[in-house]
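# Architecture at a glance
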Amino acid sequence: MQIQTPDWVKHAVFYQIFPDRFAKSDRPHQWPPGPLEPWSDPHLQGYKGGDLWGIIDKLDYLQDLGINAIYFTPIFQSACNHRYHTHDYYQVDPLLGGNQAFTALIEAAHQRQIKIVLDGVFNHASRGFFFFNDILENGPHSPWLDWFKIEDWPLSAYDGSKPANYVSWANIRSLPQFNHDNPAVREYIMAIAEYWLNQGIDGWRLDVPFEVKTPGFWQEFRQRVKAINPEAYIVGEVWVDAREWLDGTQFDGVMNYLFTGPTIAFTAGSRVRVELVEKHDYDPYPPLDAAGYAEKITEVLNLYPWEIQLTQLNLLDSHDTARLVTIASDDLASVHLATILLMTGVGAPSIYYGDEVGLPGEEDPDCRRVFPAEADWNLDVLAYHKQLIALRHNHPALRVGDYQILAAQDMVYVFARTLPEEDIIVAVNAGTEAAELVVDVGTISSPPHQILYGSGEVSWQEGSLTLRLPPRSGLIVGN
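Right, let's walk through the structure included here. Note that this is a predicted model, so its numbers are computed, not measured.

On to the sheet that holds strand β18 (residues 473-478), then. What the 5 strands build is an open sheet, ordered β11-β12-β13-β18-β15; its pairing is antiparallel. The open sheet has two free edges, formed respectively by β11 (402-409) and β15 (450-454), since each of these has just one partner strand. Averaged over all pairs of adjacent strands, the angle between their axes in this sheet comes to 20 degrees, without regard to strand direction. Where β15 meets β18, 4 bridges bridge the pair, whose relative direction is antiparallel. Bridging across to β18, G454 finds its partner in L475. Its contacts with the sheet place helix α9 (residues 290-303) against β11 and β12 (412-419), and it is angled at close to 160 degrees to β11.

One pass over the full model with this rule turns up 29 salt bridges. Between R21 and D20 there is a salt bridge whose closest N-O contact spans 2.9 Å. Owing to a relative accessible area of 0%, R21 belongs among the buried residues under this scheme. Salt bridges sharing common partners tie together R186, E187, E194, E220 and R224.

P154 follows W153 through a cis peptide bond whose omega is -5 degrees. Within the secondary structure, P154 is located in the loop between α5 (130-138) and α6 (183-198). Going from Y285 to P286, the amide bond is cis rather than trans, its omega being 0 degrees. Here P286 shows up in the loop between α8 (257-267) and α9. The residue R83 is not glycine, and still its phi comes out positive at about 65 degrees. For V208, which is not glycine, the phi dihedral falls at a positive 30 degrees. Mapped onto the secondary structure, V208 falls in the loop between β6 (203-206) and α7 (217-228). Accessibility expressed as a relative area gives 4% for V208, which makes it buried.

Basis of the calculations
Residues numbered from 1 in each chain as written. Predicted model: local features only at pLDDT ≥ 70, side-chain atom pairs only at ≥ 80, totals over all residues. Heavy atoms only, no water. Pairing = 2+ DSSP bridges. Helix = DSSP H or I, 4+ residues; strand = E, 2+ residues; numbered from the N terminus. Axes fitted to C-alpha atoms, helices over the stretch in contact; angles between N-to-C directions. Contact = heavy atoms within 4.5 Å. Salt bridge = Lys/Arg side-chain N within 4 Å of Asp/Glu carboxyl O. Buried < 20%, exposed > 50% of the residue type's maximum accessible area, 1.4 Å probe, protein only.

Next up, the structure:
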């Protein structure tokens, strides 16, 4: 079977937005809310009031940064600031501006050639979701019993001292799990996916899709989605080996935490605050040297077909993790080196909002801080993000070129991205000492010698490249 993935994703740089915290407009709400929390450090509950109108106002900023795709965490009506507790899959949350604001956002983004990917929370709904709420009101007389996994009576949706008597995601009572074996539930979810594609979205990010065990569910989802838009992006939240879903019949890619973990372990090393990462599945510790990093990256690149590799969603952090700068004990060099690897690696890079200006944050809710005022931006971090994004956009080899590891010695990692018409070599010295390395460039016929980015020296002689790299530095060379 020939695997096909969306071509635009191979050329995309994504920006992940948590809508309540990114940008707040002055527009009046259709349903005016009561007092909102101050635009400052977040709490687990409560709303800051970020909205889609505010995001529209920031599109010029994102375009200037070089972003051409946005992944939104959920935007549908919900009684929760992160909106993974969906009440109505057909209504954009009124606090975000409702469906009217979303229509305006799609139009404004597409005018700028920016794609929009929404978060599909299709494993579970919420206690406020109409069909489940009907069961809470009417018990065994509800016509929607088979939409969920009811085990016994009475249901206890709020009182933790009593058995819940229904299946919920991670045993969280507020998140009742759909019964995906019910054809009506299956059709309902498929219809939601189709509806928003018809409204103009460019893809779906699927929340915890591995929880859906019904045979053929994601195969049908892909068929229905691609029938409307063959170039729609389907990306799953799978933190581990995802071969089960990346066979060409289901997802186009996953959130590539298998790239994230080793990249942090190599660039941040012993600076990693283990207490911030130990409960997650992406293993950014213990520290890796260059050889260890090369081994991990080789394993990842051997897992999936190349067409899938090019549409993986690569990331350094997200709304589910502490931010990298905080994980790395505020060591900005670690973030810089990891960002070089992110922007030159195989797969579409994704920036979590605020990372490009140095926004810190520990685990949820601290990793979901509001986007800072311009006076609080780290302009050096912003500058290198712009440079590296522009470099990726300007050089096709960094987007779709082959990937060849050239050297992995001590703390120096060197690889090439190559096309018939272009060769680029990337070198990262994650060590605290200057390094000099002679690299055999192998089959590269036209050796790169022009420094495109970074600091260091490069010289070419008889099939080998000599690199001189300062401590904690990166170098990108092209021809």
